[in-house]
Amino acid sequence: MNKRTFLKSSSLMLGSAFLPKMILANDTPRTNWAGNLRYSAKQYFEPQTIAEAQELVKKTPIIRGLGSRHSFNSIADTPAAQISLKSMQKVLSIDKANKEVTIEGGATYGQICKEIHEAGFALANLASLPHISVAGACSTGTHGSGVKNGNLATSVRALDIITAKGDIVSFSKNENNDALKGSVVALGGLGIVSKMTLALQDTFEMKQLVYQNMPMSALEKNFESIVSNGYSVSLFTDWRNKNVNQVWLKKRSEDVSTPDAEYFGAKLATRNLHPLEDLSAENCTGQMGVSGPWYERMPHFRMGFTPSSGKELQSEYFVPFEHGYKAMMAIEKLHEKVSPHLFISEIRTMAGDDLWMSANYHQPSVAFHFTWKQDWNAVKQLLPLIEAQLAPFNARPHWGKLFTMNPKKLQSLIKPLPQFKELLATYDPKGKFKNPFIQQNLY
């Protein structure tokens with residue numbers, strides 16, 4: 001479809017009076033962040049106001065929200081139309097009395113954190129990359145790390161969603177908490193998130209320490225101690241030589257005095273490191289025990305660093321915390337097959353929650369993340385092997401990353417799935433926001 005044809009079809013759909021306000025797709029192919037997926041959507045819209053977004057949603061038969069494009073699978077894709085609120089990225093208000101921040105639906109973490117900090121507050125958790133959208137991250141159950149930290153969606157206290165009729169429906173802890181539990185990690189199935197309110201805590205300083213080369217054997221009897229000794233802890237491994245390449249400890253500054261030279265057999269790094277040690281650490285957050293604001297230490301990469309693309313693929317699986325070490329050893333058995341196709345793996349923890357579609361529903365979890373070289377033919381052969389190794393632990397995949405799990409198996413692991421489907425039927429009875437990903441994996 002050329003641009004002229006596209007504009008003509010859009011005019012028929014929306015009404016010519018509405019067109020001048022819209023930014024419409026051109027002939028340039030649109031892909032996700034990694035470039036492994038070309039979106040199939042025939043139409044793409046960037047409304048400039050909520051009213052425009054409501055009108056678009058109301059008049060478009062099939063539509064999906066698009067965030068910062070960091071999902072590696074087709075969760076945000078559709079053969080019909082995509083809508084992005086990327087032009088709506090402001091902090092709307094900070095309620096100091098109730099310790100809450102309200103933001104627009106297109107905001108990324110990198111766009112809001114400094115303003116939150118300068119107001120004297122902090123978010124409880126952040127993902128490793130700051131350029132991802134808040135709404136998209138919460139909708140897919142994305143997370144940071146820390147045994148006491150829930151995933152990013154657990155910070156949501158309220159949100160507004162543009163539903164299939166173009167109306168705005170509000171969900172909040174105070175007014176309809178049960179529905180909120182189903183609407184935060186909603187996979188884009190309820191509508192377009194136009195506004196969010198997040199819980200805050202008092203701001204704080206953090207220090208980050210990196211240790212190198214921990215024997216995996218140290219985790220057998222000390223797994224909980226190792227992953228709990230910090231506000232946030234990440235283990236990086238390439239699954240070679242039964243070795244954890246790096247341990248990243250992020251702690252409140254007041255909890256760090258003189259860093260230990262050794263951590264369960266790993267040695268304190270003497271320079272800043274990238275998770276891939278042969279790459280420059282220039283864009284990584286400050287290390288070496290240098291104190292800095294929470295938002296400059298909690299992610300792995302600097303707030304000002306916005307990668308334009310990443311030639312990689314990603315997969316991730318969650319298992320109950322109590323199975324963390326056994327699950328790790330189950331994956332390790334595949335090291336000869338996995339390592340040649342891998343950049344790095346990251347192992348993190350998160351607290352349990354009560355969000356229906358969260359992988360951490362009613363259970364604290366350990367997440368095994370794989371950053372693959374961009375060879376889908378090889379990766380799609382490996383994922384069933386990894387899933388088979390993790391099956392005894394009822395592992396669940398990350399909603400926004402690559403997996404091959406049988407839909408019936410996946411559905412059997414989601415206890416509140418019937419309630420979630422009922423919620424979808426209530427607010428989207430005709431399936432305006434349903435796409436092939438939702439249809440295949442949930443229905």
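Just so it is clear, the model here is predicted, and its values are computed rather than measured.

A. Expanded view of the overall build of the chain. Counting secondary structure elements, the chain contains 12 helices and 20 strands. For 443 residues, the compact-globule estimate of 2.2 N^0.38 gives 22 Å, and the C-alpha radius of gyration of the chain, at 22 Å, lies within 12% of that figure. Here the chain holds 443 residues, and the buried ones make up 59% of them. Across the chain, contacts joining residues at least 24 apart in sequence account for 72% of those joining residues at least 6 apart.

B. Representation of the pairing of strand E19 (residues 365–373) in the model. The buried count for E19 comes to eight of nine residues, which makes it a mostly enclosed element. Of the pairings in the sheet, the one linking strand E17 (residues 312–320) to E19 comprises nine bridges and is antiparallel in character. Within E19, the residue paired with Val319 across the bridge is Val366. Judged from the eight bridges that link them, strand E18 (residues 342–350) and E19 form a sheet pairing that is antiparallel. When the bridges of E19 are listed, Glu346 appears paired with His369.

C. Region of the structure containing the sheet that holds strand E9 (residues 192–199). The strand order across the open sheet formed by five strands is E4-E5-E9-E7-E8, and the pairing between neighbours is antiparallel. With partners counted over all chains shown, the strands left at the sheet margins are strand E4 (91–95) and strand E8 (168–172), one partner each. Ignoring which end each strand starts from, the neighbouring axes of this sheet average 15° apart. Alignment of strand E7 (residues 156–162) against E8, held across five bridges, turns out to be antiparallel. Its bridge partner lying in E8, Asp160 is registered against Ser170. Sheet contacts for helix H3 (residues 109–118): E4, strand E5 (100–104) and E9; angle to E4, the most-contacted strand, approximately 30°.

D. Fine view of the sheet that holds strand E1 (residues 43–45). On the basis of which strands lie adjacent, the open sheet formed by three strands has the order E1-E3-E2 and parallel pairing. In this open sheet, the two edge strands, each paired with only one partner strand, are E1 and strand E2 (63–65). Shown here is a sheet whose adjacent strand axes are inclined to one another by a mean of 25°, direction ignored. For E1 and strand E3 (residues 81–83), the ladder comprises three bridges, and the chain directions are parallel. Residue Tyr44 lies in a different strand from E3, and its bridge partner there is Gln82.

E. Up close: the environment of Phe45. Mapping Phe45 onto the fold places it in strand E1. With relative accessibility at 0%, the residue Phe45 sits in the buried group. A sequence separation of 38 residues divides Phe45 from Ile83, and the C-alpha atoms of the two residues are 4.7 Å apart.

F. Expanded view of H3. Residues of H3 that are buried: Tyr109, Ile112, Cys113, Ile116 and His117. Angular distribution of buried residues about the axis of H3 spans 130°; they occupy a single face of the element. One or two residues past the end of H3 sits Gly120, with phi positive at roughly 95°.

G. Fine view of the environment of Ala81. Mapped onto the fold, Ala81 is located in strand E3. The class for Ala81 is buried, based on a relative accessible area of 0%. A sequence separation of 18 residues divides Ala81 from Ile63, and the C-alpha atoms of the two residues are 4.7 Å apart. Excluding residues that lie within four positions of it along the chain, Ala81 makes contacts with Ala41, Gln43, Phe45, Thr60, Ile62, Ile63 and Arg64.

H. Molecular detail of the confidence of the model for the chain. Across the chain, pLDDT averages 92, with 93% of residues at or above 70. For the stretch residues 1–21, pLDDT sits under 50, and the model shows 36 contacts to residues farther than four places along the chain or on other chains.

I. Local environment of the pairing of E18. Burial analysis of E18 places eight of its nine residues in the buried class, which makes it a mostly covered element. Looking at chain direction, strand E12 (residues 232–237) and E18 are connected through three bridges and run antiparallel. Bridged to Thr237 within E18 is Ser345.

J. Highlighting the environment of Ile162. In this fold, Ile162 is placed in strand E7. Ile162 gets classed as buried once you look at its relative accessible area, which sits at 0%. Along the primary structure Ile162 and Glu55 are separated by 107 residues, whereas in three dimensions their C-alpha atoms are 9.8 Å apart. The residues contacting Ile162, other than those within four sequence positions of it, are Ile50, Ala53, Gln54, Val57, Asp167, Ile168, Leu190, Gly191, Ile192, Ser194 and Phe433.

K. View of the packing of helix H6 (residues 218–228) against helix H7 (residues 324–332). Across the interface, H6 lies against H7 with an axial gap of 9 Å and an inter-helix angle of 135°. Considered as vectors, H6 and H7 are oriented oblique to each other. Here H6 and H7 pass one another in a crossing that is right-handed. Contact with H6, carried on its side by Leu219, Glu220 and Phe223, involves Gly324, Tyr325 and Met328 of H7 and no other residues of that element.

L. Quick peek at unusual backbone geometry. Positive phi values are uncommon outside glycine, yet Lys99 reaches one of about 55°. By secondary structure assignment, the location of Lys99 is in the loop between E4 and E5. Take Lys99: its relative accessible area is 32%, and that puts it in the partly exposed class. Unlike most non-glycine residues, Asn394 shows phi in positive territory, near 55°.

M. Representation of the pattern of salt bridges in the model. Inspection of the entire model under this criterion finds 12 salt bridges. Residue Asp354 pairs with Lys181 through a salt bridge whose shortest N-O separation is 3.7 Å. Here Asp354, found in the loop between E18 and E19, pairs with Lys181, found in helix H5 (residues 177–183); they are 173 residues apart in sequence, far enough to count as distant. One salt bridge connects Lys401 with Glu316, and the closest N-O pair in it is separated by 3.4 Å. Of this pair, Lys401 sits in the loop between strand E20 (396–397) and helix H10 (407–412) while Glu316 sits in strand E17, placing them 85 residues apart in sequence. Both residues of the pair, Lys401 and Glu316, belong to the buried class. A cluster of three or more residues bridged by salt bridges with shared partners is formed by Glu316, Glu346, Arg348 and Lys401.

Rules of the game
- Residues numbered from 1 in each chain as written.
- Predicted model: local features only at pLDDT ≥ 70, side-chain atom pairs only at ≥ 80, totals over all residues.
- Heavy atoms only, no water.
- Helix = DSSP H or I, 4+ residues; strand = E, 2+ residues; numbered from the N terminus.
- Rg over C-alpha atoms; globule rule 2.2 N^0.38 Å.
- Buried < 20%, exposed > 50% of the residue type's maximum accessible area, 1.4 Å probe, protein only.
- Contact = heavy atoms within 4.5 Å.
- Pairing = 2+ DSSP bridges.
- Axes fitted to C-alpha atoms, helices over the stretch in contact; angles between N-to-C directions.
- Arc of directions from axis to C-beta.
- pLDDT = per-residue confidence, 0-100.
- Parallel < 35°, antiparallel > 145°, perpendicular 65-115°, else oblique.
- Left-handed = near helix turned anticlockwise from the far one by under 90°.
- Salt bridge = Lys/Arg side-chain N within 4 Å of Asp/Glu carboxyl O.

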